[in-house]
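# Summary of structural features
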Amino acid sequence: ELDEATQLRVLESMVAHTQYTYAGDHTIEAIEVAVEESAPDTLVIAISDANLNRYDITLKDLKPLQSAKVHAHLIFIASLGDEAAALAKAVPNERAQCCMNTSDLPLIIKKIVTSALK
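Below is a short write-up of the structure. Please read all numbers here as calculations on a predicted model, not as lab measurements.

## Section: the overall build of the chain
Tallying secondary structure elements over the chain gives 4 helices and 3 strands in all. Along the chain, helices and strands appear, N-terminal first, in the series α-α-β-β-α-β-α. When its C-alpha atoms are laid out on the principal axes, the chain stretches across 40 × 30 × 25 Å. Relative to its 118 residues, the chain shows a buried fraction of 32%. In the chain, once contacts between residues fewer than 6 apart in sequence are set aside, the share between residues at least 24 apart is 69%. Here the chain holds 10 positive side-chain charges and 17 negative ones, and the gap between their average locations is 7 Å.

Right, here's the structure in full:
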């Protein structure tokens, strides 16, 4: 288990990274690249703002999450209506989660990491 200082450094790094991202949705492309380029049994966690209808993201688009090569997971942050919850529920093997309250994010990530270690 990571100590709090290490957890904080990881989160700060994630926040810093977002300052250099492009506008628009690249969730699907990011998942595909991460799955393709990761070593076997790597944990891949993608976080998306859940503008699914705006970018026409469907269950079919999330197929890379089912890779047997890596442990790929997607976390939807917030949502318009219940679109993210419905899509997350449709993704097999609990490879997609919804986070409607940012204070729940650490618990969701801990659950994902724990399941990947099994």
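## Structural notes on the nonpolar core
Residues Ile31, Leu62, Leu65, Leu74 and Phe76 are the most contacted members of the largest nonpolar core, which totals 19 residues. Of all the secondary-structure elements, those providing two or more residues to this core are helix H2 (27-37), strand S1 (43-48), strand S2 (71-77) and helix H3 (83-90). For Leu74, the residues in contact, after removing those within four places along its chain, are Thr27, Ile31, Ala46, Ile47, Ser48, Leu62, Leu65, Arg95, Ala96 and Gln97. The next biggest cluster of nonpolar side chains, apart from the first, holds 6 residues, and it includes Ile75, Leu105, Ile109 and Ile112.

## Thoughts on the sheet that holds strand S3 (residues 96-99)
An order of S1-S2-S3 is seen for the 3 strands of this open sheet, with the pairing classed as parallel. At either end of the open sheet lies a strand with only one pairing partner, and these are S1 and S3. In this sheet, neighbouring strand axes are inclined to one another by 20° on average, regardless of whether the strands run parallel or antiparallel.

## Regarding unusual backbone geometry
A positive phi angle, close to 60°, is found at Asn93, a residue other than glycine. Inspection of the secondary structure assignment puts Asn93 in the loop between H3 and S3. We note that Glu94 has phi near 50°; this positive angle belongs to a residue other than glycine. Of note, Glu94 is situated in the loop between H3 and S3. We classify Glu94 as exposed; its relative accessible area is 52%.

## A look at a nonpolar patch on the surface
Where nonpolar side chains cluster on the molecular surface, the patch consists of Leu2, Val10, Leu11, Met14, Leu43, Ile45, Ile47, Val113 and Leu117 and spans about 720 Å² of accessible area. Listing elements by their share of the nonpolar patch, those giving two or more residues are helix H1 (4-18), S1 and helix H4 (105-117). Its location among the elements puts Leu43 in strand S1. A residue is classified by how much of its surface remains accessible, and Leu43, at 33% relative accessible area, is partly exposed.

About the cut-offs
- Residues numbered from 1 in each chain as written.
- Predicted model: local features only at pLDDT ≥ 70, side-chain atom pairs only at ≥ 80, totals over all residues.
- Heavy atoms only, no water.
- Helix = DSSP H or I, 4+ residues; strand = E, 2+ residues; numbered from the N terminus.
- Buried < 20%, exposed > 50% of the residue type's maximum accessible area, 1.4 Å probe, protein only.
- Contact = heavy atoms within 4.5 Å.
- Lys, Arg positive; Asp, Glu negative; His and termini not counted.
- Charge placed at Lys NZ, Arg CZ, Asp CG, Glu CD.
- Core = buried A, V, L, I, M, F, W, Y, C linked by side-chain atoms within 4.5 Å.
- Pairing = 2+ DSSP bridges.
- Axes fitted to C-alpha atoms, helices over the stretch in contact; angles between N-to-C directions.
- Patch = residues over 30% accessible without salt bridge, like charges linked within 9 Å, V, L, I, M, F, W, Y side chains within 5 Å.
- Areas by Shrake-Rupley, 256 points an atom, 1.4 Å probe, with all protein chains shown as cover.
- Salt bridge = Lys/Arg side-chain N within 4 Å of Asp/Glu carboxyl O.

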